[in-house]
Amino acid sequence: MLVLLCAGLSMPECGIGREAAGEFDPSEQGLESRSLESKVLDVIADATEIATKNRMNADYVPGIVTILRRDEMMALGVRTVAEALTLVPGVVIDRRQEGLFTASFRGIDNGNNEVKVLIDSVPLNNSLAGNSTYFELPIAQVERIEVIRGPGSALYGESAFAGLINIVTYSQPYAHLRYGDNGTTEVGAIYRFDDPERDLSLRVNLAGWDSRGADLWVERDLLHTIGLASVSNAPGPVDSGEQYRFGQLNLDVGNASLFAQYQFSRKNAFFGSTGVLPDPSRQNDRLDGSQWLLQGRVDFAPMANLNGALILRWQQIDSFLDKLLRPPGAPAVPGSPVLPDGLYTERWFSVMSTKAESFLEWTGWDYHKLRVEFSVARDEGLDAWRAFNADIFTFEPLPGMRRYSGELATFSPDAARTISSLAIQDQWSVLENLDLTLGARYDHYSDVSGSFSPRFAGVWRINDRHVVKAQFAGAFFPPTLLQRYYVPLPPTEQETPDQPQRVHTAEIGYIFRKPNTVARLTLYYSKLFDIIVTTPEGIFNRGKERLKGVELEWEQRFWRDFKLNANLSYADTLNEETGGPVPGAAKWLGNLGVFYNPRKDVLLAGRWRYVGDRARDPLDSRTDPLGAYNDLSLTLSWFDVGVNGLTVRAGATNLLNESIRSPAPMDTYEYDYPLLEGRALWIQFAYTLN
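Model, not experiment: these values are computed from the prediction.

Participant: Sorry, what's going on with the overall build of the chain here?
Facilitator: Along the chain, the regular secondary structure elements total eight helices and 40 strands. Its C-alpha radius of gyration of 25 Å places the chain within 12% of the 26 Å reference for a compact globule of 690 residues. In terms of its C-alpha atoms, the chain occupies a principal-axis envelope of roughly 80 × 55 × 55 Å. Counting only residues that meet the buried cut, the chain has 56% of its 690 residues in that class. Across the chain, every contact between residues at least 6 apart in sequence was considered, and the portion connecting residues at least 24 apart equals 64%. Of the roughly 27,800 Å² that the chain leaves accessible, carbon and sulfur atoms contribute 58%. Looking at the chain, you have 67 positive and 87 negative side-chain charges, and the mean spots of the two groups are 3 Å apart.

Participant: Explanation requested: the pattern of salt bridges in the structure shown.
Facilitator: For side chains of opposite charge, pairing can occur when their charged atoms come near one another. Scanning the model with the defined rule gives 46 salt bridges in all. In this structure, the salt-bridge partner of R266 is D288, at a minimum N-O distance of 2.7 Å. Of this pair, R266 sits in strand β16 (residues 256-267) while D288 sits in strand β17 (residues 286-303), and the two are 22 residues apart along the sequence. For D672, the salt bridge identified is with R622, shortest N-O distance 3.2 Å. On the criterion of sequence distance, the pair formed by D672 in the loop between β38 (660-662) and β39 (673-676) and R622 in the loop between β35 (602-611) and β36 (629-638) is long-range, its members being 50 residues apart. What you see here is one network of salt bridges that share partners, running through D59, R69, E72, R513, R520, E555 and K563.

Participant: Looking at this model, I keep getting lost on the side chain of R178. Mind explaining?
Facilitator: Within the secondary structure, R178 is located in strand β10 (residues 174-180). A polar contact is formed between the side chain of R178 and the backbone oxygen of G77, at a distance of 3.2 Å. Engagement of the side chain of R178 in a polar contact is seen with the side chain of D181, the distance being 2.9 Å. In this view, R178 contacts G77, V78, R79, T184, T185, E186, W682, I683 and Q684; residues no more than four positions away in its chain are not counted.

Participant: Can you walk me through empty space enclosed by the protein in this structure?
Facilitator: Any empty space left between atoms is shown by rolling a water-sized probe over those atoms. Inspection of the entire model under this criterion finds 16 cavities of 30 Å³ or more. If you list the elements that add at least two residues to the lining of the largest cavity, you get α5 (81-85), β4 (91-95), β12 (200-211), β35, β36 and β39. By residue class, the composition of the lining of the largest cavity is 15 nonpolar, 11 polar and 10 charged. Its boundaries defined by the atoms lining it, the second largest cavity holds a volume of some 390 Å³. For the lining of the second largest cavity, the secondary-structure elements that each account for two or more residues are β3 (64-69), α4 (70-75), β32 (545-559), β33 (562-575) and β34 (588-599). For the lining of the second largest cavity, the element with the highest residue contribution is β3, accounting for five residues.

Participant: Just checking my understanding: could you explain the packing of aromatic side chains for this structure?
Facilitator: How two aromatic rings sit relative to each other is set out by the distance from centre to centre and by the angle between their planes. Following the criterion strictly, the structure yields 20 aromatic pairs and no others. An angle of 35 degrees between the planes, with centres 5.3 Å apart, marks the rings of F101 and F135 as tilted. Residue F101 is located in strand β5 (residues 101-105), and its partner F135 is located in the loop between β7 (122-123) and β8 (142-149); the two are separated by 34 residues in the primary sequence. By relative accessible area, F101 is classed as buried at 17%. Classification of F135 by relative accessible area gives buried; the value is 7%. These aromatic residues form a ring-pair network of at least three members: F270, F271, Y669 and Y673. The ring of F359 carries the charged tip of R371 above its face, separated from the ring centre by 4.0 Å. The cationic tip of K563 hangs over the ring face of F595; the distance from NZ or CZ to the ring centre is 5.9 Å.

Participant: Explain the nonpolar core here, please?
Facilitator: As a rule of thumb, nonpolar side chains are buried together in soluble globular proteins. With 63 residues, the main nonpolar core has L85, Y134 and I145 as its most contacted residues. Those residues in contact with Y134 that sit more than four places away from it in its chain are V81, L85, A103, V117, L124, I165, I167 and Q263. By size, the runner-up hydrophobic cluster in this structure holds 18 residues, among which are F271, L589, I660 and A664.

Participant: Would you explain the sheet that holds strand β9 (residues 163-169) in this entry?
Facilitator: Strand-to-strand pairing in sheets goes through backbone hydrogen bonds, with the strands running parallel or antiparallel. The strand order across the open sheet formed by five strands is β3-β8-β9-β6-β7, and the pairing between neighbours is mixed. At either margin of the open sheet sits one strand with a lone partner, and together these are β3 and β7. The pairing of strand β6 (residues 115-119) with β9 spans five bridges and is classified as parallel. Paired with V115 across the two strands is G163, which belongs to β9.

Participant: In this structure, what is going on with a nonpolar patch on the surface? I would like to understand it.
Facilitator: Together, F300, L310, L312, L360, F374, L422 and I424 give the surface a local cluster of nonpolar side chains, amounting to about 600 Å² of exposed area. Looking at the secondary structure, you find L422 in strand β24 (residues 416-431). Owing to a relative accessible area of 39%, L422 belongs among the partly exposed residues under this scheme.

Participant: It is not clear to me how the environment of L408 should be interpreted in this structure. Could you clarify?
Facilitator: Tracing the sequence through the fold places L408 in the loop between β23 (397-405) and β24. Of the residues examined, L408 reaches a relative accessible area of 23% and is grouped as partly exposed. Along the chain, L408 and Y134 lie 274 residues apart, while their C-alpha atoms are 31 Å from each other. Excluding residues within four positions of it along the chain, L408 makes contact with R386, F393, L489 and P491.

Participant: Would you mind going over the pairing of strand β37 (residues 646-653) with me for this structure?
Facilitator: Regular strands place side chains that alternate from one sheet face to the opposite one. The pairing of β36 with β37 spans five bridges and is antiparallel. For L636, the partnering residue across the bridge sits in β37 and is A650. Two strands pair when backbone bridges link them, and β37 and strand β40 (residues 680-688) are joined in this way by eight bridges, in the antiparallel orientation. Note on β40: the bridge partner recorded for T647 is A686.

About the thresholds
- Residues numbered from 1 in each chain as written.
- Predicted model: local features only at pLDDT ≥ 70, side-chain atom pairs only at ≥ 80, totals over all residues.
- Heavy atoms only, no water.
- Helix = DSSP H or I, 4+ residues; strand = E, 2+ residues; numbered from the N terminus.
- Rg over C-alpha atoms; globule rule 2.2 N^0.38 Å.
- Buried < 20%, exposed > 50% of the residue type's maximum accessible area, 1.4 Å probe, protein only.
- Contact = heavy atoms within 4.5 Å.
- Areas by Shrake-Rupley, 256 points an atom, 1.4 Å probe, with all protein chains shown as cover.
- Lys, Arg positive; Asp, Glu negative; His and termini not counted.
- Charge placed at Lys NZ, Arg CZ, Asp CG, Glu CD.
- Salt bridge = Lys/Arg side-chain N within 4 Å of Asp/Glu carboxyl O.
- Polar contact = N/O pair within 3.5 Å; in protein donor to acceptor, adjacent residues only side chain to side chain.
- 1 Å grid on protein atoms, 1.4 Å probe; cavity = no way out; pocket = protein on both sides within 12 Å on 5 of 7 lines; lining within 4 Å.
- Points joined across faces, edges and corners; volume = space filled by probe spheres on them.
- Nonpolar A, V, L, I, M, F, W, Y, C, P; charged D, E, K, R; others polar.
- Phe/Tyr/Trp six-rings, centres within 6.5 Å; stacked < 30°, edge-to-face > 60°.
- Lys NZ or Arg CZ within 6 Å of the ring centre and 35° of its normal.
- Core = buried A, V, L, I, M, F, W, Y, C linked by side-chain atoms within 4.5 Å.
- Pairing = 2+ DSSP bridges.
- Patch = residues over 30% accessible without salt bridge, like charges linked within 9 Å, V, L, I, M, F, W, Y side chains within 5 Å.

Right, dumping it as structure tokens:
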């Protein structure tokens, strides 16, 4: 009962102290035994390890944390992790020209994938491009998503620059089938085996989906801008078909664990890699990406107040691209010979990362929890080549594909680096209701400048309803292997970045809670330095940006059967080099989710999302910003349909038939990238083994 009261935030005198917070477990409250619809309609206190790597209530941790719960995401009809992240204040998900997703946190999106992503606390970001494959993972395979808005490098190192995401996978036996969403067929299943006598637990999580893509139409592309409209495929349709495969194994035996994962994604032609719309009838156009990840971990506790772990991790990323760059009749570049068959390219690369890390936690001093982490990592390119059906030095057409490898490959054969890291964190309960978190981390890179990441945070529980938190933190994003060792063709001397981009952020948050009400207010101010930018002239450290804003969140249960979730964020961005706003950043973002439970076995949910006008680059000839849009969706969930554990869901997205678009770079697609042009219907069958 004591834990229940503390978790409900109604007894500050319980203190979160490290002890009370560390013992918090929602399952101990009996929540797991309650019906799904009841849980959705609750205002629940969440627990997370993402902020400090120690389990605590999300409102008591330093930093600004949002927890996306499985039941609510499913009730709202959310299909993938990418869609789920749009529920978070200040977050915008877009696509690039090749169909890859991007995540913008509080307006930070310089094309550098500045968000650290974990799945079951295992990091996913790769060393080649800094990104990770996670957007396409079906929500049906996910228990919850924990999101930090703001820096996280003091504890998580590189890439935890604009935000941090931890995807916690679902652990119960489960299977689902979904169809709709513009021709998407999705399946998934989870198998679990437990043997308490041998202290053994095994989980296998499998999922996959295929999509023909939305019916999209493009009026103009880059060729119209440079006077070659006669050979352009625009106006024309967009081939936005996709595939995704996911497999993961979690094995726990005593104090040891094994984690293995495979992900594969395929993007069809989409909008082309050079601003030129590909031919939709060409079947070879695709971008394939695959990732293998293996991690072993052994926990140990040599003393009563000392524990730790040794972790070994291996990761390999492979990528293959086959694209049409120029249609038949167009030159490779202005002034070069016309290519009667067009210009095609193929590209392959493979990179590997290995890492050994260990941590120790010491609780031998009263009111302190000390954590020290050490790690050594090696990132290196394994293989790379690229091919064209034209001589890349003379642009003369060739009868077949010519492969360029070695010194002419996508990146230099010398692409490799060693990273050594040390991190220290102290969680200090200064008073019964005041906790401080002090942290610092240093990362040494063998090929670029090292980085120091500080963190100072405090959480003050004024009384049972009011919590105030404040934090100052720094973070960094190092040049990726591709940014550091990229080789242009034809080879030319160009500058490459030699130091990480950095950010300093100050935040202050206020939280108000009652049994049926939670309200959160956050103010933030960020300064970015040495931003890594990619231009036609090269890749540089250049410029500064300033971001400031406010985020409001509100969860309210009005009656037993009605609940509301809402958030609103405002961001003011400034690129100090151009004097204009950060391109692509939206000032206003909003979400409203409504849950209504007319019967015990029926749940009706609706969601409205607003994305405001988005800024252009000051040099962009398009003076008007990318227009705002509203996205309205409805979902009906029917539980225990004929059989206990069988759920049927059906829904409609984009009910308002809005044109939803991602910003396109200047001088490419004048009307931006259309992503959704009409409403779509879907239906899902799911079975949970009780």
